[in-house]
Amino acid sequence: MQFADRVGEVLSGPVVKVVPFGVFVRVAPGIAGLLHESVLIREPVMGEMVTVTIAEVDRPRRQVRLELAPTR
């Protein structure tokens, strides 16, 4: 399965990088997506597990945009 086909899927992964505009979360081996600061309630710390939804995959730019998964 191509990763781009996983848009809408809910995954959990660790925060692998904190940047001024959000955090990057590893969603698959070798793939990290951006969780933008505008969707964060608080800033997670490095290594913290976060549950996210794959919102968009931009193949040409090799970018993955994430959103926080709804809590149950």
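Residues numbered from 1 in each chain as written. Predicted model: local features only at pLDDT ≥ 70, side-chain atom pairs only at ≥ 80, totals over all residues. Heavy atoms only, no water.

**Considerations on the sheet that holds strand β5 (residues 63–68)**
The pairing of strands in a sheet comes from backbone hydrogen bonds and takes either a parallel or an antiparallel form. Taking strand neighbours around the barrel as the criterion, the five strands line up as β1-β2-β3-β5-β4 in a closed arrangement whose pairing is mixed. Going from strand to strand, the sheet's axes swing by 55° on average, the running direction of each strand aside. With four bridges joining them, strand β1 (residues 10–19) and strand β2 (residues 22–28) adopt antiparallel strand pairing. In the sheet register, Val19 faces β2, and the bridge partner there is Gly22. (Pairing = 2+ DSSP bridges. Helix = DSSP H or I, 4+ residues; strand = E, 2+ residues; numbered from the N terminus. Axes fitted to C-alpha atoms, helices over the stretch in contact; angles between N-to-C directions.)

**Focus: the nonpolar core**
Val25, Val27, Leu35 and Leu66 are the most contacted members of the largest nonpolar core, which has 14 residues in total. When residues of this core are traced back to their parent elements, those giving at least two are β1, β2, β4 (49–58) and β5. Sequence-distant contacts of Val25, that is, excluding residues within four places in its chain, are made with Gly13, Pro14, Val15, Val16, Ile31, Ala32, Gly33, Leu35, Val50 and Leu66. (Core = buried A, V, L, I, M, F, W, Y, C linked by side-chain atoms within 4.5 Å. Buried < 20%, exposed > 50% of the residue type's maximum accessible area, 1.4 Å probe, protein only. Contact = heavy atoms within 4.5 Å.)

**Re the pattern of salt bridges**
The tally for this structure, following the rule as stated, stands at six salt bridges. Two residues, Glu9 and Arg6, come together in a salt bridge whose shortest N-O distance is 2.9 Å. With a shortest N-O distance of 3.9 Å, Asp58 and Arg61 are connected by a salt bridge. Judged by relative accessible area, Arg61 falls into the exposed class, the value being 58%. (Salt bridge = Lys/Arg side-chain N within 4 Å of Asp/Glu carboxyl O.)

**Some remarks on unusual backbone geometry**
In this structure, Arg62 is a non-glycine residue whose phi angle is positive, near 55°. Position of Arg62 among the secondary structure elements: in the loop between β4 and β5. On the accessibility criterion, Arg62 (77% relative accessible area) is exposed.

**What to know about the environment of Pro70**
Within the element layout of this structure, Pro70 appears in the segment after β5. In sequence terms Pro70 and Thr51 are 19 residues apart; their C-alpha atoms lie 8.6 Å from each other.

**Some words on the pairing of β2**
Burial of β2 is extensive: five of the seven residues sit out of reach of the surface. Hairpin remark: β1 followed by β2, antiparallel, with two residues in the connecting loop. Across six bridges, the pairing between β2 and strand β3 (residues 31–36) is antiparallel. Within β3, the residue paired with Ala28 across the bridge is Ile31. Turn length for the β2-β3 hairpin, with the two strands adjacent in sequence and antiparallel, is two residues, and the turn residue Gly30 shows positive phi of about 80°.

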